[in-house]
Amino acid sequence: MGPHPAVAAIRLAVRRVLHDVLTDVQRTDTPRADQRRPEAQRTPERVPANPAHPHPPREQATSPLVLVACSGGADSMALASALAFEAPKLGIRAGGVTVDHGLQDGSALRATEVVSRLTALGLDPIESVAVDVGRDGGPEAAARDARYGALDAVADRHGAAAILLGHTRDDQAETVLLGLARGSGIRSLSGMAAVSGGPGADRRYRRPFLHIDRQTARKACMVQSLPVWDDPHNTDPAYTRSRLRHEGLPALEKALGKGVVEALARTAQLSRDDADALDHWAAQAEASVRDAAGLLECAKLYALPPAVRRRIVRRAAIEAGAPAGSLFARHLEEVDRLITGWRGQGAINLPGKVVAQRQGGRLVIRQGC
């Protein structure tokens, strides 16, 4: 008899992602024809000394490492168990990391418990990292920034090929609705990418469960007798995502019927495809709308479709110092009027002390005083 359907589903999702990681690693490690040297001329591989293992097996030293980010909740515990099961069969080392945000009493103890659970699954290396959560962007955004900063640091320290995250289809639906509420355009409706990156690693983060619902992950933990921790913040109405999860989505399903979560997740993928295509178009068009000095020409910008034009403007604002997370649709609309509705209006102030103004038929975006 095979594994329970929920367990089979999570293992299949993880297996597929691990195959993708291996493909990326092989593509990166394969030298180009002009870089290849005869075997005799190659420098022997050096393995860092480890007092506990002075002579590690070659396959252990050279196998790619994949980490799972684990909070101890059902989603990430299900992910950790699937990684522990699938990675050895593919010659991949599997490790884990848990982040202690320090936002609740007993958080350090819970982090220690998560380390014990990951150890019991056979993961190695395992790290617990405590972070200081700031206030920029609100509590949820600040916690997220601190968490990803810690994950990036751990991945860099261990040379990890990837970090697996336990976001589910339900999380994706919530992200789409939050983006819709912000009114920030199609990119906000794209939700979370199945593959995304950190500094210098644009394919570091992998989300195997974006097509798996939250209940499947929880069921997989239950049938495997995996202990899970339910974060009280997930039911705290003080947090926007919690209110959306327990009030907003149920109200939508009551009004529109079942299938809302699936439809929102599907919208995310379609929106991402469209946004990626428009980003590519904008990147290609940008050079054609700049003059010899590199300034944006308003007449040429005007001739572009609005979606392409605003992407060029947004990129220019970010390059000038505007924080991407603080640059919203309303900012771009104001700058766009300097191109499409020029009536001699003054400069537009953007986040990050960036100023946009029209001068001599050029759109100038720069740091203000």
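Computed from a predicted model, the values in this text were never measured in an experiment. Positions within a chain are numbered from 1, following the residues in the order the chain's sequence is written. The model is predicted, so local features are restricted to residues of pLDDT at least 70 and side-chain atom pairs to those at 80 or more, both for listing and for counting; the totals for chains, interfaces and linings are taken over all residues. Here the side-chain values reflect all heavy atoms present in the structure, with hydrogen atoms and water set aside.

Student: Would you mind showing me how to read the overall build of the protein chain here?
Tutor: Per the convention used, a helix needs a DSSP run of H or I reaching at least four residues, while a strand needs a run of E reaching at least two, with both numbered from the N terminus. Within the protein chain one finds 12 helices and 10 strands. Only protein chains enter the area calculation, which uses a 1.4 Å probe; residues under 20% of their type maximum are buried, those over 50% are exposed, and those in between are partly exposed. Taking all 369 residues of the protein chain together, the buried fraction comes to 42%. The contact criterion used throughout is that any non-hydrogen atoms of two residues lie within 4.5 Å. Contacts in the protein chain between residues at least 24 apart in sequence constitute 66% of all its contacts with a sequence separation of at least 6. As displayed, the protein chain offers around 20,100 Å² of accessible surface, 53% of which is attributable to carbon and sulfur atoms. Shrake-Rupley sampling with a 1.4 Å probe provides the accessible areas, and residues are treated as covered by the protein chains on show and by no other component.

Student: I tried to follow the pattern of salt bridges on my own but got confused; where do I start?
Tutor: Side chains that differ in charge, positive against negative, can pair when their charged atoms come close. By salt bridge we mean one thing: a side-chain nitrogen of Lys or Arg within 4 Å of a carboxyl oxygen of Asp or Glu. Within the structure shown, the criterion is met by 27 salt bridges. A salt bridge links Asp276 to Arg187; its shortest N-O distance comes to 3.0 Å. One end of the pair, Asp276, is in helix α9 (residues 260–286); the other, Arg187, is in the loop between α6 (169–182) and β5 (195–198), and 89 residues separate them in sequence. Classification of Asp276 as partly exposed rests on a relative accessible area of 39%. By relative accessible area, Arg187 is classed as partly exposed at 31%. Here Asp291 and Arg362 are joined by a salt bridge, their closest N and O atoms 2.7 Å apart. Of the two residues, Asp291 sits in the loop between α9 and β7 (296–297) while Arg362 sits in strand β10 (residues 362–367), which places them 71 residues apart along the sequence. Arg362 gets classed as partly exposed once you look at its relative accessible area, which sits at 25%.

Student: Would you take a moment to explain the side chain of His101 for this structure?
Tutor: Relative to the assigned elements, His101 resides in the loop between β2 (93–100) and α4 (107–120). Within the structure, the side chain of His101 is placed 3.0 Å from the side chain of Arg147, a separation counted as a polar contact. Not counting the four nearest positions on each side in its chain, His101 is found in contact with Val131, Val133, Ala143 and Arg147. Distance and chemistry together define a polar contact, namely a pair of N or O atoms within 3.5 Å, with one atom able to donate a hydrogen and the other to accept it when in protein, and with adjacent residues in sequence counting only for side-chain atoms on both sides.

Student: Explain the confidence of the model for the protein chain to me, please; I cannot follow it from the model alone.
Tutor: Reading predicted coordinates in detail is not appropriate for stretches of low pLDDT. Looking at the protein chain as a whole, its pLDDT mean stands at 87, while 89% of the residues score no less than 70. A residue's pLDDT is the confidence the predictor assigns to it, expressed on a 0 to 100 scale. Between residues 34–61, whose pLDDT stays under 50, and residues either more than four places distant or in other chains, the model counts 9 contacts.

Student: It is not clear to me how the pairing of β10 should be interpreted in this structure. Could you clarify?
Tutor: Remark: a regular strand shows side chains that alternate across the two faces of the sheet. Taken together, the 2 bridges between β7 and β10 define a ladder with antiparallel strand orientation. Residue pairing for β10: Glu297 is matched across the bridge by Arg362. Here 6 bridges tie strand β9 (residues 354–359) to β10, and the two strands are oriented antiparallel to one another. Bridge pairing links Gln359 to Arg362 in β10. Strand pairing follows a simple DSSP-based rule, namely that at least 2 bridges must link the two strands. Connecting β9 to the antiparallel partner β10 that follows it, the hairpin turn spans 2 residues, and Gly360 within it adopts a positive phi of roughly 55°.

Student: Explanation requested: the packing of aromatic side chains in the structure shown.
Tutor: In this description, an aromatic ring pair is defined by two values, namely the gap between the centres and the angle between the planes. By convention, a stacked pair of Phe, Tyr or Trp rings (six-membered ring in the case of Trp) has centres within 6.5 Å and planes under 30 degrees apart, an edge-to-face pair has planes over 60 apart, and any other such pair is tilted. In this structure the tally under the stated criterion is 1 aromatic pair. With a centroid separation of 5.1 Å and an interplanar angle of 85°, the aromatic rings of Tyr148 and Tyr205 are classed as edge-to-face. A residue pair is termed long-range when its members are at least 10 positions apart, and Tyr148 in helix α5 (residues 139–158) and Tyr205 in strand β6 (residues 201–206) qualify at 57 residues. The ring of Phe85 carries the charged tip of Arg11 above its face, separated from the ring centre by 3.6 Å. Charges are assigned to positions over rings by a cutoff of 6 Å between ring centre and Lys NZ or Arg CZ, combined with an angular limit of 35 degrees from the ring normal.

Student: Help me out: how do you make sense of the packing of helix α1 (residues 5–29) against helix α3 (residues 74–86) in this one?
Tutor: Geometry of a packed helix pair, given as the angle between the helix axes and the separation of the axes. Every axis corresponds to a line fitted to the C-alpha atoms, with the helix fit spanning only the stretch in contact, and the corresponding angles, defined between N-to-C directions, vary from 0 to 180 degrees. Axis separation between α1 and α3 bottoms out at 9 Å; the angle between their running directions is 60°. The angle between α1 and α3 falls in the class oblique. Regarding α1 and α3, the two cross each other, and that crossing is right-handed. Touching Ile10, Arg11, Val14, Arg15 and Leu18 of α1 are Ala78, Leu79, Ser81, Ala82, Leu83, Phe85 and Glu86, all from α3. In these notes the angle categories are as follows: under 35 degrees is roughly parallel, over 145 is roughly antiparallel, 65 to 115 is roughly perpendicular, and the rest is oblique. Crossings are classed by handedness, with left-handed meaning an anticlockwise turn of the near helix from the far one by less than a right angle and right-handed meaning a clockwise turn.

Student: In this structure, what is going on with the sheet that holds strand β8 (residues 348–350)? I would like to understand it.
Tutor: As a general point, the strands of a sheet are linked pairwise by backbone hydrogen bonds and lie either parallel or antiparallel. If you trace the 4 strands from one edge of the open sheet to the other, you get β7-β10-β9-β8, paired in antiparallel fashion. Single-partner strands in this sheet number two, and they are β7 and β8. Note: β8 against β9, 3 bridges, orientation antiparallel. Across the sheet, the residue bridging to Ile348 is Ala356, located in β9. Contacting β7, β8, β9 and β10, helix α11 (residues 306–319) runs over the sheet at an angle of about 30° to β10.

Student: Sorry, what's going on with the nonpolar core here?
Tutor: One finds Val66, Leu83, Leu123 and Phe209 to be the most contacted residues of the largest nonpolar core, which totals 35 residues. Elements with a contribution of two residues or more to this core: α1, β1 (65–69), α3, α4, β4 (162–164) and α7 (214–223). Among the elements that make up this core, the one with the highest residue count is α1 (9 residues). Setting aside residues up to four positions removed in sequence, Phe209 forms contacts with Ile10, Ala13, Val14, Asp75, Ala78, Leu79, Gly166, His167, Thr168 and Arg169. Only buried Ala, Val, Leu, Ile, Met, Phe, Trp, Tyr and Cys residues count toward a nonpolar core, and they belong to the same one when joined by side-chain atoms within 4.5 Å. Counting residues in hydrophobic clusters, the runner-up holds 26 residues, among them Ala282, Ala320, Val335 and Ile339.

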